[in-house]
Amino acid sequence: MEFRSVFIANPAQLSVRRGQLVIRQEGEYTLPMEDLSALVLESRAVSLSAAALQELADQGVTVYLCDETHMPAALVLPMNRHSRQRKLLQDQIDLSKPTQKRLWQGVVTAKIANQARCLKLLGRREGADLAFVATQVRSGDPDNLEAAAAAAYFPALFGPGFTRGEECLANAALNYGYAILRGAVARNLVIHGLEPCLGIFHRSQLNQFNLADDLMEPYRPLVDLYVASHLPDWEGETLTPRVKQQLVQLMNYLVEQGGHRYRAISAIGRMAESFSRIVQGERESLELPALLPLQPYTYE
């Protein structure tokens, strides 16, 4: 069962040996490939063998490559891991506009509801207002309530005058957490035979992850809640490796979905599977998350 997200911030040599990822730094460390869900290569002095990269792809591990600013800049995802790839692609292309609008309504409703829960968990009174907004979203969100909610949400979360465009630790941490989340969603879409560039709302011809950008939306408040809760602990820091490692591990925090509690990475997999079944005409609605108080999954 996948459960480890590995973060490498220092120079290293990576290879494979008998189903193990071998990490050579000052010493040598090995990890079972089947246990990995993500590998974040922050250091630009990491060397990775082609055999290791191929094995990581075969195991469905998302590999994040960081740029000179230490932000995730590229993803390595598995290809053609589904037995009916061609059929699913055609099903995605044929998905009707009314169905796409209905699905986007569900995504936006879940996102705003989770933003409301985030504010309530932090003791912000604006949470009640957003909870009401979530009930008003119509098919396709023609009133753009997603944007209206965001305009009220982020100042309530981080203080009056806060904008997503300013350079600060809060925004840097949000961007990093969102990049990890986006990769997790893209990876699960590919594993379930879906084409990430075919979105239900996002349709940019220059974006190969339109669908991931659509379906990650209800999970964003998990990142928001963590960043808002931990900013006091990070006072005086920049986006250090310690902070980044914490954000990578967010995929192992719990959310509620389908009446049960799952790690975020597992919930994302279930959501991707539900979308696959929708495009194949096997179900009507997406399985989407509800935000919980911050709680990491513990292994027994």
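Residues numbered from 1 in each chain as written. Predicted model: local features only at pLDDT ≥ 70, side-chain atom pairs only at ≥ 80, totals over all residues. Heavy atoms only, no water.

Caption draft 1: Spatial organisation of empty space enclosed by the protein. If you walk through the whole model with that rule in mind, you get two cavities of 30 Å³ or more. As for the largest cavity, its lining consists of Ser5, Ser37, Ala38, Thr62, Tyr64, Ile180, Ala184, Arg187, Val248, Met251 and Ile265. Elements represented by at least two residues in the lining of the largest cavity include exactly strand 5 (36-41), strand 7 (62-66) and helix 6 (169-191). Looking at the lining of the largest cavity, its residues break down into seven nonpolar, three polar and one charged. Roughly 40 Å³ of internal volume is contained in the second largest cavity. Taken together, Asn114, Pro218, Tyr219, Pro221, Leu222, Val255, Pro289, Ala290 and Leu291 form the lining of the second largest cavity. Put simply, the parts of the chain that give the lining of the second largest cavity at least two residues each are helix 8 (220-230) and strand 11 (289-290). (1 Å grid on protein atoms, 1.4 Å probe; cavity = no way out; pocket = protein on both sides within 12 Å on 5 of 7 lines; lining within 4 Å. Points joined across faces, edges and corners; volume = space filled by probe spheres on them. Helix = DSSP H or I, 4+ residues; strand = E, 2+ residues; numbered from the N terminus. Nonpolar A, V, L, I, M, F, W, Y, C, P; charged D, E, K, R; others polar.)

Caption draft 2: Region of interest: the sheet that holds strand 2 (residues 12-17). Taken together, the four strands give an open sheet; going across it, the order is 4-3-2-6, and neighbouring strands pair in mixed fashion. Each edge of the sheet is formed by a strand with only one pairing partner; in this case those strands are strand 4 (28-32) and strand 6 (46-48). Between one strand axis and the next, the sheet turns through 25° on average, direction left out of account. With three bridges connecting them, strand 2 and strand 6 associate as parallel partners. Opposite glutamine 13, over in strand 6, you have serine 47 as the bridge partner. (Pairing = 2+ DSSP bridges. Axes fitted to C-alpha atoms, helices over the stretch in contact; angles between N-to-C directions.)

Caption draft 3: Geometry of the packing of aromatic side chains. According to the stated counting rule, one finds six aromatic pairs in the structure shown. Ring geometry for tryptophan 104 against phenylalanine 201: centres 4.3 Å apart, planes inclined by 0°, an arrangement best described as stacked. With tryptophan 104 in helix 3 (residues 97-121) and phenylalanine 201 in the loop between helix 6 and helix 7 (210-215), the pair connects residues that are 97 residues apart, well separated along the chain. Of the residues examined, tryptophan 104 reaches a relative accessible area of 2% and is grouped as buried. Measuring from ring centre to ring centre gives 6.2 Å for tyrosine 226 and tryptophan 234, while their planes differ by 45°; the resulting arrangement is tilted. Given a relative accessible area of 4%, tyrosine 226 falls into the buried group. The exposure class of tryptophan 234 is buried, given its relative accessible area of 0%. The rings of Tyr153, Phe154, Phe158 and Phe162 are connected pair by pair, giving a single aromatic cluster. (Phe/Tyr/Trp six-rings, centres within 6.5 Å; stacked < 30°, edge-to-face > 60°. Buried < 20%, exposed > 50% of the residue type's maximum accessible area, 1.4 Å probe, protein only.)

Caption draft 4: How the structure looks around the pattern of salt bridges. Counting across every chain of the model gives twelve salt bridges. Lysine 111 is the partner of glutamate 146 in a salt bridge, and the nearest nitrogen-oxygen pair spans 2.9 Å. Remark: lysine 111 occurs in helix 3 and glutamate 146 occurs in helix 5 (residues 145-158); sequence separation between them is 35 residues. Taken as a pair, glutamate 146 and lysine 111 share a single burial class, namely buried. Note that aspartate 213 is salt-bridged to arginine 182, the shortest N-O span being 2.7 Å. Note that aspartate 213 is positioned in helix 7 and arginine 182 in helix 6, a separation of 31 residues in sequence. Taken together, the shared-partner salt bridges connect Lys111, Glu146, Glu217 and Arg220 into one network. (Salt bridge = Lys/Arg side-chain N within 4 Å of Asp/Glu carboxyl O.)

Caption draft 5: A look at the packing of helix 3 against helix 8. Where helix 3 meets helix 8, the closest approach of the two axes is 9 Å, and the angle between their N-to-C directions is 15°. By the criterion of interaxial angle, the relationship of helix 3 to helix 8 is roughly parallel. Between helix 3 and helix 8 the crossing geometry is right-handed. Taken together, the residues of helix 8 that come into contact with helix 3 (itself represented by Lys111, Asn114, Gln115, Cys118 and Leu121) are Arg220, Pro221, Asp224 and Leu225. By residue class, the composition of the contact of helix 3 with helix 8 is four nonpolar, two polar and three charged. (Parallel < 35°, antiparallel > 145°, perpendicular 65-115°, else oblique. Left-handed = near helix turned anticlockwise from the far one by under 90°. Contact = heavy atoms within 4.5 Å.)

Caption draft 6: Fine view of helix 8. Extensive coverage of helix 8 is indicated by the burial of ten of its eleven residues. Three or more residues of helix 8 are buried, namely Arg220, Pro221, Leu222, Val223, Asp224, Leu225, Tyr226, Val227, Ala228 and His230.

Caption draft 7: Summary view of the side chain of asparagine 210. Within the element layout of this structure, asparagine 210 appears in helix 7. At a separation of 2.9 Å, a polar atom in the side chain of asparagine 210 contacts the main-chain carbonyl oxygen of serine 204. (Polar contact = N/O pair within 3.5 Å; in protein donor to acceptor, adjacent residues only side chain to side chain.)

Caption draft 8: Structural view of the pairing of strand 3 (residues 20-24). Where strand 2 lies against strand 3, five bridges are found, and the strand directions are antiparallel. In the strand pairing of strand 3, valine 16 is matched with leucine 21. Taking the residues that link successive antiparallel strands as the turn, the strand 2-strand 3 hairpin has two residues, and the phi of arginine 18 there is positive, at about 50°. Here strand 3 pairs with strand 4 via five bridges, running antiparallel. Opposite glutamine 20, over in strand 4, you have proline 32 as the bridge partner. As consecutive antiparallel partners, strand 3 and strand 4 are separated by three residues.

The values reported here are purely geometric and, on their own, carry no functional implication.
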